[in-house]
Amino acid sequence: MEPQRVYEFEYYKTISNRILLKDILVPEKFGGLSGAPLVDENGLLVGIVSNGTVDPDSDKKFFSPCSITNLVSFMENRKHDK
């Protein structure tokens, strides 16, 4: 069994439902993380890994999981649509 992969990022800012993170401790290339949990320093779920986002202010691409707050809101709205 392979050991759990752990990556470290620092919060940069939030744009819409995306949490932009600065790389701290990550391999040069990493993939296969879509759907993985994003937890804060207290171990609380704060997002789900999904994509990268270009910051319009710096024109730099950031690792940007989707905020769990927005996902919960989306799911609640879908439940009420039925």
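Note that the structure is a prediction, hence the values are computed from the model and not measured.

Each value, and the rule that gives it
- Residues numbered from 1 in each chain as written.
- Predicted model: local features only at pLDDT ≥ 70, side-chain atom pairs only at ≥ 80, totals over all residues.
- Heavy atoms only, no water.
- Helix = DSSP H or I, 4+ residues; strand = E, 2+ residues; numbered from the N terminus.
- Contact = heavy atoms within 4.5 Å.
- Areas by Shrake-Rupley, 256 points an atom, 1.4 Å probe, with all protein chains shown as cover.
- Salt bridge = Lys/Arg side-chain N within 4 Å of Asp/Glu carboxyl O.
- Buried < 20%, exposed > 50% of the residue type's maximum accessible area, 1.4 Å probe, protein only.
- Polar contact = N/O pair within 3.5 Å; in protein donor to acceptor, adjacent residues only side chain to side chain.

Colleague: What exactly am I supposed to notice about the overall build of the chain here?
Modeller: Broken down by element type, the chain carries one helix and seven strands. Tracing the chain from N to C terminus, the helices and strands come up as β-β-β-β-β-β-β-α. Referenced to the eigenvectors of the C-alpha coordinate spread, the extents of the chain come out at roughly 45 × 40 × 25 Å. Once local pairs closer than 6 in sequence are excluded, the contacts in the chain between residues at least 24 apart make up 33%. In the form shown here, the chain has an accessible surface area of approximately 6400 Å², with 52% of it arising from carbon and sulfur atoms.

Colleague: Explain the pattern of salt bridges here, please?
Modeller: Where charged atoms from two side chains of opposite charge approach closely, those side chains can pair. If you walk through the whole model with that rule in mind, you get two salt bridges. With its nearest N and O atoms 2.8 Å apart, the salt bridge here joins Asp 55 to Lys 13. Residue Asp 55 is found in the loop between strand E5 (52–54) and strand E6 (61–63), and its partner Lys 13 is found in strand E1 (residues 8–15); the two are separated by 42 residues along the sequence. Through salt bridges with shared partners, one network takes in Lys 13, Asp 55 and Asp 57.

Colleague: Please explain the side chain of Ser 64 as it appears in this structure.
Modeller: With respect to the helices, strands and loops of the structure, Ser 64 is situated in the loop between E6 and strand E7 (66–67). Take Ser 64: its relative accessible area is 0%, and that puts it in the buried class. A polar atom in the side chain of Ser 64 sits 2.6 Å from the side chain of Thr 53.

Colleague: What's the story with unusual backbone geometry in this structure? I'm lost.
Modeller: The residue Ser 16 is not glycine, and still its phi comes out positive at about 55 degrees. One can find Ser 16 in the loop between E1 and strand E2 (18–25). We classify Ser 16 as exposed; its relative accessible area is 65%.

Colleague: Whenever I open this one, the environment of Tyr 11 confuses me. Can you help?
Modeller: Looking at where Tyr 11 falls in the secondary structure, it is placed in strand E1. Sequence separation between Tyr 11 and Ser 50 is 39 residues; the distance between their C-alpha atoms is 16 Å. Here Tyr 11 is in contact with Ile 19, Leu 20 and Leu 21, once residues within four sequence places are set aside. A polar contact is formed between the side chain of Tyr 11 and the side chain of Thr 14, at a distance of 2.8 Å.

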